[in-house]
Amino acid sequence: MLKMAQFEAVSQQSLLHPKPAGLALQYGTAGFRTHAGHLDHVMFRMGLLAALRSRKTRGATIGVMVTASHNPEEDNGVKLIDPMGEMVTPAWEGYATQVANAEQDGLLGALGHVVDAEDIDMSLDASVFVGRDTRSSSVILSQAVLDGVSALGAQSKDYGLVTTPQLHYMVRCHNTQGDYGEATVEGYYSKLSQAFIQLTRNAPNRTDDQKRLSVDGANGVGAPKVREMEAHLHGELQISLFNDGAAGRLNHQCGADHVKVQQRPPTGIQVRVGERCCSFDGDADRIVYYYSGAEEGRFHLLDGDKIATLISTFLKELLTQAGLDLDIAVVQTAYANGSSTRYLEDTMKVTVRCTKTGVKHLHHEAQHFDIGVYFEANGHGTVLFSKEAEQKIRQLALDPNSNDERKRATVLLQNTVHLINQTVGDAISDMLLIEAILALKGMTVQQWDAMYTDLPNRQLKVKVSDRRLIDTADAERRAVSPPGLQDAIDGLVRSYTQARSFVRPSGTEDVVRVYAEAETQESADDLAHEVSLAVYRLAGGVGDQPKPVH
Ligand code: NG1
Ligand code: ZN
């Protein structure tokens, strides 16, 4: 039961964060996300819910991040972070939706329902960490979260401007009593930079050219944070930062999502022939790399699939050198390029799993292995090490009988573990890991790219009157409704070579996403267009009929 004082505080405070009557939102793939003007009450209520979640987890600290990631500047959003720094557990996503959508006079009832259903002891202490991105709306909205936290008598700590993965990291550090690191931004920089420097020490012949990297900060929070990180790297990585927020608009024609979906470089960055560049997204939990080819000036993208391939190959080699028998797997979604899956399974002999879109699904699947490397094609991903795996690596490091090769591999493994933010995808941590691997392997970006050749692909969106009419199965690779849609897709796919296509309702936008890949770009474009037309026809398309890509 809510106590009387809590009851009154929530009643009064909620009047300052009123809900527009009738507005209904859903906790989607990545929390709530919509126009910033519709979110004040949601933020306040997520502060309340985080205080309940903290009590439910016996006073562990819960995180609340205010961001709409790669969405436009005028949007905002909020995600809840569980005690180990992972996304909030699915049952509470349901509560989040109920609490956010309760009408003003039903709010206390909705909270009471959660307290009863979860048997929460409201007399316990509670604690919530709050962070925000650079959106102009984020200041007021994160204040609304803090108001909600304090209305339920919980402690809060406001980290202000942080990347999403930094806040996840703080939550984990705090709840593990410093085992994972110190719960400060400074602690984050110091842990990652030390690991990076230790790793690159093993690649002593790096030239200045190899140390140079261009970063597109998407005009978001990743820009100031990667600058702070660089200051800790003692020149081991020299970053040219573009789209740092000084002039351009957040995610506008820049950032990882733009680069991945448009398959072209962002504006505001000079992509010099052969040089490595990368783009973060608006809250720096995604990263993609690219370069311009010397021979034809063509744009080459190295997406989440190429990153997962590089990292898993590196880890597999280290395991062999260290003589460690740990099972390693790569977790992908249906958006993974078919070539990457084939290369991983057939050439690298690595286990590959496919899950539904959304990092929580990948994260969960990756937990089933000693080492689980998970990446969405869009560049969101990380590596998870099981407790046993970490322990075996630690033990081996202490083994006096190890030969030099084993010792070196074990030290590299240990530093790799330290460099990775295991809570969630982290553009800064991923970037440092990729740079360290390229340095250690003496590999150029072209050589990395040449591991396998992507099948040409195309992603499109179709507006329909109700995207929930589309239901999928088999990790979203097949549409089971509306009737006839999958048959239509199958028929279209059959008329192309090496082709694959699927459709699914987006969890963050009011659209149906269409993906197609095929032997040539023209075929991929045509197939994506034809499948879009089938969606438009069979799933209640609205507005103009989808146009051909070119
Ligand atoms: P939706 O809108 O559900 O496709 C997008 C990404 C996801 C995930 C979320 C959260 C694609 C195709 N989809 O989800 O992978 O990153 O945003 O940010 O990239
Ligand atoms: Zn993001």
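Residues numbered from 1 in each chain as written. Chains lettered and ligands numbered in written order. Predicted model: local features only at pLDDT ≥ 70, side-chain atom pairs only at ≥ 80, totals over all residues. Heavy atoms only, no water.

A. View of the pairing of strand β13 (residues 371–375). When you tally the buried positions in β13, you get five out of five residues, the bulk of the element. Alternating positions in β13 separate into two faces, Ile 371, Val 373 and Phe 375 on one and Gly 372 and Tyr 374 on the other, with burial throughout. As paired elements, strand β11 (residues 328–333) and β13 share four bridges and run parallel to each other. Across the sheet, Val 331 pairs through a bridge with Tyr 374, a residue of β13. A loop of five residues connects β13 with strand β14 (residues 381–385), the two strands running antiparallel in sequence, and Gly 379 in this loop sits at a positive phi of about 100°. (Buried < 20%, exposed > 50% of the residue type's maximum accessible area, 1.4 Å probe, protein only. Helix = DSSP H or I, 4+ residues; strand = E, 2+ residues; numbered from the N terminus. Pairing = 2+ DSSP bridges.)

B. Highlighting the nonpolar core. Ranked by internal contacts, the top residues of the largest apolar core, which has 84 residues, are Phe 280, Leu 315, Val 373, Met 431, Leu 432 and Trp 448. When residues in this core are grouped by element, the largest group, 11 residues, is from helix α16 (residues 427–441). Among all residues touching Phe 280, those that are not within four sequence positions of it are Val 215, Asp 216, Ala 218, Gly 222, Val 226, Gly 255, Ala 256, Arg 286, Ile 287, Ala 427, Ile 428 and Met 431. Grouped together as the second largest cluster of nonpolar side chains are 47 residues, Leu 25, Val 99, Val 145 and Ala 154 included. (Core = buried A, V, L, I, M, F, W, Y, C linked by side-chain atoms within 4.5 Å. Contact = heavy atoms within 4.5 Å.)

C. Examining the site of ligand 1 more closely. Around ligand 1 lies a shell of 14 residues, among which Glu 376, Ser 506, Gly 507, Thr 508 and Arg 513 are the nearest. Contact distances for ligand 1 include 3.3 Å between an oxygen atom and a side-chain N or O atom of Thr 29. Arg 286 is positioned with one of its side-chain polar atoms (N or O) 3.1 Å from an oxygen atom of ligand 1. For ligand 1, the accessible surface in isolation is 430 Å², of which the surrounding protein chains cover 94%. (Near = heavy atom within 4 Å. Polar contact = N/O pair within 3.5 Å; in protein donor to acceptor, adjacent residues only side chain to side chain. Areas by Shrake-Rupley, 256 points an atom, 1.4 Å probe, with all protein chains shown as cover.)

D. Geometry of unusual backbone geometry. Looking along the chain, the bond that leaves Ser 481 and enters Pro 482 is cis, with omega of 0°. In this structure, Pro 482 sits in the loop between β17 (478–481) and α18 (485–494). A positive phi angle is found at Arg 58, which is not glycine, with a value near 55°. Position of Arg 58 relative to the elements: it lies in the loop between α2 (40–56) and β2 (61–66). Unlike most non-glycine residues, Ala 475 shows phi in positive territory, near 50°. Summarising the element assignment, Ala 475 is placed in the loop between β16 (471–473) and β17.

E. Layout of the side chain of Ser 429. Within the fold, Ser 429 resides in helix α16. In this structure the side chain of Ser 429 is engaged in a polar contact, spanning 3.2 Å, whose partner is the backbone nitrogen of Asn 421. Those residues in contact with Ser 429 that lie beyond four places of it in its chain are Tyr 188, Leu 192, Leu 419, Ile 420 and Asn 421.

F. Spotlight on the coordination of the zinc ion (ligand 2). For the zinc ion (ligand 2), the protein coordination sphere consists of Ser 69 (OG), Asp 281 (OD), Asp 283 (OD) and Asp 285 (OD), at 2.0 to 2.1 Å. Taken together, the four donor atoms surrounding the zinc ion (ligand 2) define angles of 85 to 169° at the centre, an arrangement classified as irregular. Sequence spacing of the donors to the zinc ion (ligand 2): S-x211-D-x1-D-x1-D. Asp 283 matches Asp 281 in its accessibility class, with the two residues each being buried. (Donors = N, O, S within 2.8 Å, 3.2 Å for Na, K, Ca; no water. Tetrahedral: all angles 85-135°; square planar, octahedral: opposite > 155°, others 65-115°.)

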